[in-house]
Amino acid sequence: MDTMVCLMGGGATRLHSTLCSSHPPPQGQPILNTNLDPDLCKECNGAPSRSLDPVTVLRQCEEALGDQPSRIKRKFVFSSKVEDNPIRVLQWNILAQALGEGLDCFVHCSVEALSWSRRKYLILEEILTYRPHILCLQEVDHYYDTLQPVLTQLGYSSTFCPKPWSPCLDVEGNNGPDGCALFFDESRFEFVERVNTRLCAMRIPTNQVAVVMVLRCRTTGRCVCVAVTHLKARAGWEWLRSSQGADLLRQIQNVLQKHGKDTPLLICGDFNAVPSEEVYRHFSTCPLGLDSAYKKLSKDGLTEPRYTTWKIRPTGECCNTLDYIWYTQNTLQVNAVLDLPTEDQIGPNRLPSFSYPSDHLSLVCDFSFCGDSAESF
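First, a word on what this report is: a plain description of the structure on this page. (Residues numbered from 1 in each chain as written. Predicted model: local features only at pLDDT ≥ 70, side-chain atom pairs only at ≥ 80, totals over all residues. Heavy atoms only, no water.)

On to the overall build of the chain, then. Secondary structure summary: the chain contains eight helices and 15 strands in total. When the 377 residues of the chain are sorted by exposure, 59% land in the buried category. At a minimum sequence separation of 6, the contacts of the chain that also span at least 24 residues come to 78%. Of the roughly 15200 Å² of accessible surface on the chain, 50% is carried by carbon and sulfur atoms. (Helix = DSSP H or I, 4+ residues; strand = E, 2+ residues; numbered from the N terminus. Buried < 20%, exposed > 50% of the residue type's maximum accessible area, 1.4 Å probe, protein only. Contact = heavy atoms within 4.5 Å. Areas by Shrake-Rupley, 256 points an atom, 1.4 Å probe, with all protein chains shown as cover.)

Structure below.
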């Protein structure tokens, strides 16, 4: 297993004290974390032996959740030609547990629906239902005790990069800082290079982070560069998101210089930015030739979905598109996109809910390398 944590900035002392026994093990040593989730890791025995069967774990999640209510059902929108062996990518802000129970104030969501004892099964159920080859997550604050040990057993390697001043640390009983995590299926990809970075604005380090990783596809031998990030939230910070996005693009270009400018690129994240923001325009017009995969759901292929997040807070209802999967159009083609649930499916109390564990919807796309197949949308 290839696991890395990047602790950055002046909050290092507080980070170490809050991580406690959730510290990553030394390189090459087995996980000996005594805080592993007992319900999900009882079969792991503390060692990354990749012994779990995804169908079995999915069934266990379904059994633990019972029959009320069932998760939101979604379907893929396919191109005219379905690829035999696509690369499946899942992007998702899973909602940090400390924020969901503390600072985010989902006024129409019950305490029980926000409990980790339920949400952990819904999160894993969502991941295992779609079985991505590349999994990009934000607001991860149960990496060491749940996601990393379970997904390691299912054949994923991963990297985690926490925020230096995570707001989770201000919540009593927190599980450590939240951050970005990138997982990849080792049966499909092999690791080449990674960069865990703290994003800057006007050369000043900020609280937002990103992971950039180069992977080699075992099927085709071709490399792909994958980045995951979570930009600054809330209105009034548009200028900061723009600077952070520009910094991320610069760092990605530095990585691509070493591996070739034509290396396929995927950038996943919660940008906290609607399509009219400057940071969105930066990505859509940058020299890398990026396009947003979820525009494929629109009739003309030019418009983003109406929403990727829908929640109700004390300040009112928030229904926006903030999450994206960007890809290089000249090297990757979109073969399928998972549709978004309707307003009726989401329900009047919006997200999160008993049926869905996060205030953000997962984005799932199937890609193929250009030149390896005939057709796209």
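Take the packing of helix H4 (residues 116-130) against helix H5 (residues 143-153) next. Taken N-terminus to C-terminus, the directions of H4 and H5 make an angle of 35°; their axes are 11 Å apart at the nearest point. In terms of crossing hand, the pair formed by H4 and H5 is right-handed. Of H5, the residues touching H4 (which contributes Trp116, Ile123, Leu124 and Ile127) are Thr146, Leu147, Val150 and Leu151. Its residues assigned to classes, the contact of H4 with H5 shows seven nonpolar, one polar and no charged. (Axes fitted to C-alpha atoms, helices over the stretch in contact; angles between N-to-C directions. Left-handed = near helix turned anticlockwise from the far one by under 90°. Nonpolar A, V, L, I, M, F, W, Y, C, P; charged D, E, K, R; others polar.)

Attention now goes to the nonpolar core. In terms of nonpolar packing, the biggest core is built from 71 residues, with Ile134, Phe183, Leu266, Ile325 and Phe367 touching the most fellow members. With sequence-adjacent residues up to four places away left out, Ile325 is seen in contact with Val89, Gln91, Leu266, Ile267, Cys268, Asp291, Ser292, Ala293, Leu363, Val364, Cys365 and Phe367. By size, the runner-up hydrophobic cluster in this structure holds 25 residues, among which are Ala210, Val212, Val214 and Ile252. (Core = buried A, V, L, I, M, F, W, Y, C linked by side-chain atoms within 4.5 Å.)

Okay, the pairing of strand E13 (residues 323-328) next. Burial analysis of E13 places six of its six residues in the buried class, which makes it a mostly covered element. Neither face of E13 is left uncovered, since the one carrying Asp323, Ile325 and Tyr327 and the one carrying Tyr324, Trp326 and Thr328 both have all their residues buried. As paired strands, strand E10 (residues 290-292) and E13 are joined by three bridges and run antiparallel to one another. In the sheet register, Leu290 faces E13, and the bridge partner there is Thr328. (Pairing = 2+ DSSP bridges.)

Next up on the list: the sheet that holds strand E14 (residues 332-338). Pairing is mixed in the open sheet, where seven strands are placed in the order E1-E14-E15-E2-E3-E5-E4. The outermost strands of the open sheet, each flanked by one partner alone, are strand E1 (76-78) and strand E4 (156-162). Each adjacent strand pair in this sheet contributes to an overall mean axis angle of 25°, direction not counted. Pairing between E4 and strand E5 (residues 179-185): seven bridges, direction antiparallel. Residue pairing across strands places Tyr156 opposite Asp185, the latter belonging to E5.

Moving on to the sheet that holds E10. With mixed pairing, six strands are arranged side by side in an open sheet as E6-E7-E8-E9-E13-E10. Of all the strands in the sheet, the pair left with one neighbour each is strand E6 (189-201) and E10. Averaged over neighbouring strand pairs, the angle between their axes works out to 20° when direction is ignored. Inspection of the sheet shows strand E9 (residues 265-270) paired to E13 by five bridges, in the antiparallel sense. Paired with Cys268 across the bridge in E13 is Ile325. On the sheet, helix H6 (residues 238-259) packs against E6, strand E7 (204-217), strand E8 (223-230), E9 and E10 and is oriented at approximately 145° with respect to E6.

This brings us to H4. The terminal C-alpha atoms of H4, which comprises 15 residues, lie 21 Å apart, in line with the 21 Å expected from a rise of 1.5 Å per residue. In the stretch just after H4, Arg131 is the one whose phi turns positive, near 45°. (Expected span 1.5 Å × (residues − 1).)

This part is about the side chain of Ser358. Within the secondary structure layout, Ser358 lies in the loop between helix H8 (343-346) and strand E15 (363-369). Note on Ser358: relative accessible area 0%, which makes it buried. Among the polar contacts listed, one links the side chain of Ser358 to the backbone nitrogen of His360, at a separation of 3.0 Å. Each residue touching Ser358, except ones within four places of it in the same chain, is listed here: Trp92, Asn93, Ile94, Leu95, Leu351 and Pro352. (Polar contact = N/O pair within 3.5 Å; in protein donor to acceptor, adjacent residues only side chain to side chain.)

Shape descriptors only; they carry no functional weight alone.
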